[in-house]
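If you want the building blocks of each chain, they are given just below.
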Amino acid sequence: MSGQRVPPDHGSADLTGLLVRLHPPPVLAAVLDADGLLGGVQGDWPALLGWSAAELEGVEFLSLVHPQDLEAARNLVTTVADSTDAHRVELRCRRRSGGHQPLSWRGVGDPGRARGVLLGRMLHLDEHRFEQLVAESREGVARVGLDGTIRSANSRLGELLGVAADTLVGMRVGRLVDASPRISRQRWIEPLLRGESAVTRGTIRLLRPAGDSIWAHASVRAVRDANAEVEAFDVLVVDVDWLAGRRQQLELARAQLDKAQRLARIGHWYADLTTGELVWSAMVYEILGLDPDAVSPSADGFYAVVHPDDRAAMIAWDARTDLPREHRMRFRMVRPDGSIRVVFEIGSVSVDERGHRVSHGAIQDITERHEAEQAVRESEDRLQQVIAATQDGWWHVDLRTGETFQSARWCEIHGYRPGEFPPGRDAWRTLLSDDDLGLADARLADAVAARAPNFTVEVAARHRDGHRVPVLVRGHIEYDDQGAAVRVSGMTSDLTELRSAEAAKEQFVSSVSHELRTPLTAIAGTLESIMAGVSGPVAPATEQLLEVAVRNTTRLRALIDDLLDIEQLHEGTLPLRRERLDLTAVVAETLEDHRVLGAPRGVTLHLEVAEPGPVTVVGDRRRLGQVVANLVSNAVKHSPDGGVVQARVLPGPNQVRVEVIDAGEGVPDSFAGRIFERFAQADPSDAGGRGGTGLGLAISRELVHQHDGEIGYESLPGSTVFWFVLPRV
């Protein structure tokens, strides 16, 4: 121990031995010198604090005192050194095993010999502290003198007897207790006076001043003075009915706790490491798979069912000596039947008020939860593998907290290392131009307004080095019960390689189209000349072959024309001859030119005009006729045999709407998002049967947009309407 020196010998052994003989146990005696060192240590130090006399010789008394009691202890040491007056103080002193014990200390000085006498006793409550302690007790408490007179009583005892507590003071106990042999002095008092019992207990009948009586459970304990002589008795009285109710409540609470622990698969345990006592709850046995009738709780029995790979960690923790300490562990148990369970244990080791090292805690079977967590981890691993294979970046935004997450691939797409991108729910907005930001905001706002779960937008994001990266963003929106968006998650795909491939494809198609146009024109001219008889008469069989060649040449020229048109529209170089024209006349002429298309299958074309007279717009007659022709030819191809294709011209105050309606099977939902894209076909395998290049609707959309209009469709099985709207002059 710190602060240990050798104190001078002042006959301390004789002096303290005399103190021990004069005072009944337990007593702690020592001589205290002017430096505050202990000498002549005798008495019950080992029993009360755990220190042997040899360990305390020469030890500074203040080193044993609780830090909060040091000032009072210093006053005691000063008194012992400087005054012959007795000085009494209550101090908490340190136990050898840890913790502190409250003790009453008395010191008497001998200044002439530069020493003093120090005497310690177990702390007893005086009358004032006793009254404070029992004032709010739910049990009736009284202190009774040797003559049987009540010295003090709490309010609860007054309630039990039906009177104010003050009226009980000075009253003889005999007036309040049924004078039967069961409460005789011989049964209740004599064993306490002789020291045969520390407490006597039993059931008595209390006589209430009002004339009735109640049954109660009573406990009586002797109060002893400094010389261990009995000077009074403390009486504790509990209403039997109230006690039964409390017991019932306790049993109910225990039953509820047991039920909750069974539902949660939680068991508890307690161990007194000083005495070796060990207690397991019933659920601990069940979790371990042990029979409580055949197996007694033991550390070895517990270690025996711990999985061999986890056993060493458990043993190592139990072998530690630091106090206090706590642990939280997850480990596996191998039951006697061979089944493996995963458990979670939380426990602690500390020193109790007796100075004993005790360990207690709880153990829970979490096998199902562990398996679920393992399944989630495996699912997350598979998801990460899939995401890695797609080369897409994953992101998440919590709209309530502002918390964000970007995967490593997302950061790579935008030129950042993981963790470098600025935090915050709006940081991504800095990556977009004003136009793209407006588009992204609009798509998200539209989805939220419709409570749609998903949205898609294609934008160009700014790379960290400054260049733009084309990306496709697919988002998923999560809503709360009130319909407010709370989280948005999604994937970002880098379209750089796709766009490069598309550009290369377009360049290839453009080059091929230009290279094919000249020889194809020559072939078509040659075929027409042969059929006209320039080289002589043509045999009928040869004429049929030439007609097939001319039809296919015409289709090939139309394809090349479409390819060149879409290229010029994409580049913005297609020339338009704008003029004032009657749109009704354009539609009528186009229908007349295409009646022959439906004739082989009995499909007829019908024009409906909602307003007589011309409907004037400004545009290119040939190109607007091309839009109508594309819509009509599509309608004819998808109409059933004998069906009707209807065209409508619907003028309005500021615009005119043209509709082409067929009674076909409708547009598949899976095709809806691509219907106006280049080379798009609902059933590409049928292109040869119905004809078509997949460019007609894409060209129509671009031509309508070039005329400041809009194009779209509505489709149901049996009725599909393609429409476009142009400004009206």
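Residues numbered from 1 in each chain as written. Predicted model: local features only at pLDDT ≥ 70, side-chain atom pairs only at ≥ 80, totals over all residues. Heavy atoms only, no water.

J.: Describe the overall build of the protein, naming the residues involved and giving the relevant values.
T.: Looking only at helices and strands, one finds 21 helices and 27 strands in the protein. Buried positions account for 39% of the 729 residues belonging to the protein. Within the protein, residue pairs in contact and separated by at least 24 positions form 53% of the contacts whose partners lie at least 6 positions apart. About 40,000 Å² of surface is accessible on the protein, with carbon and sulfur atoms providing 53% of the total. (Helix = DSSP H or I, 4+ residues; strand = E, 2+ residues; numbered from the N terminus. Buried < 20%, exposed > 50% of the residue type's maximum accessible area, 1.4 Å probe, protein only. Contact = heavy atoms within 4.5 Å. Areas by Shrake-Rupley, 256 points an atom, 1.4 Å probe, with all protein chains shown as cover.)

J.: Give me the lowdown on the packing of aromatic side chains, citing residues and values where you can.
T.: Given two aromatic rings, one states the distance between the centres and the angle between the planes to describe the pair. If you walk through the whole model with that rule in mind, you get 10 aromatic pairs. Ring geometry for W280 against Y285: centres 5.3 Å apart, planes inclined by 70 degrees, an arrangement best described as edge-to-face. Each member of the pair W280 and Y285 is classed as buried. Following the ring pairs from residue to residue traces out a cluster consisting of W45, F61 and W105. The ring of W188 has R187 sitting right over it, with the charged end atom 5.0 Å from the ring centre. (Phe/Tyr/Trp six-rings, centres within 6.5 Å; stacked < 30°, edge-to-face > 60°. Lys NZ or Arg CZ within 6 Å of the ring centre and 35° of its normal.)

J.: Any chance you could break down the nonpolar core for me, citing the residues and the numbers?
T.: Within the largest apolar cluster, 38 residues are counted, with the highest numbers of intra-cluster contacts made by L583, F724 and L726. Among the secondary structure elements, those contributing two or more residues to this core are α17 (540–571), α18 (583–598), α19 (621–638), β24 (644–651), β25 (655–662), α21 (696–706) and β27 (719–727). If one sorts the elements of this core by residue count, α19 sits on top with seven residues. Sequence-distant contacts of L726, defined by excluding residues within four places in its chain, comprise L583, V617, L624, Q655, V656, V704, H707 and G709. (Core = buried A, V, L, I, M, F, W, Y, C linked by side-chain atoms within 4.5 Å.)

J.: Break down the pairing of strand β7 (residues 150–153) for me, with residues and values.
T.: Sheet topology places strand β6 (residues 140–145) next to β7; three bridges connect them, and they run antiparallel. Along β7, the bridge assignment pairs V144 with I150. Joining the antiparallel neighbours β6 and β7 is a turn of four residues, in which G148 adopts a positive phi near 85 degrees. (Pairing = 2+ DSSP bridges.)

J.: Explain helix α15 (residues 434–449) residue by residue, including any values.
T.: With 16 residues, α15 extends 22 Å between its outermost C-alpha atoms, agreeing within 8% with the 22 Å of an ideal straight helix rising 1.5 Å per residue. Here α15 has its buried residues at D436, L437, A440 and A447. Along the axis of α15, the buried residues cluster in a sector spanning 105 degrees; they form a single face. When the buried face of α15 is taken as reference, the exposed residues oriented beyond 90 degrees from it are D434, D435, D446 and A449. Where the residues of α15 are buried, they touch β18 (454–462) and β19 (468–479). (Expected span 1.5 Å × (residues − 1). Arc of directions from axis to C-beta.)

J.: Any chance you could break down the sheet that holds β7 for me, citing the residues and the numbers?
T.: With antiparallel pairing, five strands are arranged side by side in an open sheet as β7-β6-β10-β9-β8. Because the sheet does not close on itself, it has two edges, and the strands there are β7 and β8 (199–207). Adjacent strand axes in the sheet meet at a mean angle of 30 degrees when their direction is disregarded. As defined by bridge partners, β8 adjoins strand β9 (residues 213–224) across nine bridges and the pair is classed as antiparallel. Paired with R201 across the two strands is S219, which belongs to β9. (Axes fitted to C-alpha atoms, helices over the stretch in contact; angles between N-to-C directions.)

J.: Pulling in residues and values, what's your account of the sheet that holds strand β12 (residues 277–280)?
T.: Sheet strands pair by backbone hydrogen bonding; their relative direction is either parallel or antiparallel. Ordered by their spatial adjacency, five strands build an open sheet running β12-β11-β15-β14-β13, and the pairing between neighbours is antiparallel. Each end of this open sheet is capped by a strand with a single partner; those strands are β12 and β13 (325–334). Neighbour-to-neighbour, the strand axes of the sheet open up by a mean angle of 15 degrees, direction not taken into account. Relative to β12, strand β11 (residues 266–272) is paired through four bridges, and the arrangement is antiparallel. Note on β12: the bridge partner recorded for W269 is W280. Strands β13 and β14 (340–351) of the sheet are contacted by helix α12 (residues 308–319), whose axis makes an angle of about 155 degrees with β13.

J.: Explain the pattern of salt bridges to me, using residue names and the numbers behind them.
T.: Opposite charge on two side chains permits them to pair, given that their charged atoms come into close proximity. One pass over the full model with this rule turns up 35 salt bridges. Between D365 and R341 there is a salt bridge, and its shortest N-O distance comes to 3.0 Å. With D365 in strand β15 (residues 357–365) and R341 in strand β14, the pair connects residues that are 24 residues apart, well separated along the chain. Across the pair R621 and E589 runs a salt bridge, and its minimum N-O distance is 4.0 Å. Taken as a pair, R621 in helix α19 and E589 in helix α18 lie far apart in primary sequence, 32 residues in all. What makes R621 partly exposed here is its relative accessible area of 33%. Three or more residues joined by partner-sharing salt bridges are found here, namely R265, E286, R335, R341, D365 and E368. (Salt bridge = Lys/Arg side-chain N within 4 Å of Asp/Glu carboxyl O.)

J.: A description of the confidence of the model for the protein should follow, citing residues and the corresponding values.
T.: Across the protein, the average pLDDT comes to 83, with 87% of residues at 70 or higher. The low-confidence segment residues 6–11 (pLDDT under 50) makes nine contacts with residues lying over four places distant or belonging to another chain. Every residue in residues 685–691 scores below 50 in pLDDT, and together they form eight contacts with partners more than four places removed in sequence or on other chains. (pLDDT = per-residue confidence, 0-100.)

J.: Before we move on, can you summarise unusual backbone geometry with the specific residues and values?
T.: With an omega of -15 degrees, the peptide bond between L323 and P324 qualifies as cis. At R451, a residue that is not glycine, the phi angle is positive and equals roughly 55 degrees. Accessibility expressed as a relative area gives 46% for R451, which makes it partly exposed. We note that D708 has phi near 60 degrees; this positive angle belongs to a residue other than glycine. Mapped onto the elements, D708 comes out in the loop between α21 and β26 (710–716).

J.: If you had to explain the packing of α18 against α19 to someone new, which residues and values would you point to?
T.: Each pair of packed helices can be summarised by the angle the axes make with each other and by the distance between the axes. Taken N-terminus to C-terminus, the directions of α18 and α19 make an angle of 40 degrees; their axes are 9 Å apart at the nearest point. Comparing the axis directions of α18 and α19 gives the class oblique. As α18 packs across α19, the resulting crossing turns out to be right-handed. Only R621, L624, G625, V628, A629, V632, S633 and V636 of α19 make contact with α18, whose side of the interface consists of L583, V586, V587, E589, T590, L591, H594, L597 and G598. Residues belonging to the contact of α18 with α19 are distributed by class as follows: 10 nonpolar, five polar and two charged. (Parallel < 35°, antiparallel > 145°, perpendicular 65-115°, else oblique. Left-handed = near helix turned anticlockwise from the far one by under 90°. Nonpolar A, V, L, I, M, F, W, Y, C, P; charged D, E, K, R; others polar.)

J.: Give me the lowdown on α19, citing residues and values where you can.
T.: Spanning 18 residues, α19 covers 26 Å between terminal C-alpha atoms, matching the ideal 26 Å at 1.5 Å per step. Where burial is concerned, most of α19 is hidden: 14 out of the 18 residues are buried.

J.: Explain the environment of D620 residue by residue, including any values.
T.: Residue position: D620 is located in the loop between β23 (616–619) and α19. For D620, a relative accessible area of 6% puts it in the buried group. For the pair D620 and L576, spaced 44 residues apart in sequence, the C-alpha to C-alpha distance is 5.7 Å. Among all residues touching D620, those that are not within four sequence positions of it are P575, L576, R577, R578, L581 and H707. In terms of polar contacts, D620 uses its side chain to reach the backbone amide nitrogen of R577, at 2.7 Å. (Polar contact = N/O pair within 3.5 Å; in protein donor to acceptor, adjacent residues only side chain to side chain.)

J.: Go over the environment of E60, please, and point to the residues and values.
T.: By the secondary structure assignment, E60 is in the loop between α3 (53–56) and α4 (70–82). Classification of E60 as partly exposed rests on a relative accessible area of 27%. Residues E60 and L38, spaced 22 residues apart in sequence, show a C-alpha to C-alpha distance of 6.3 Å.

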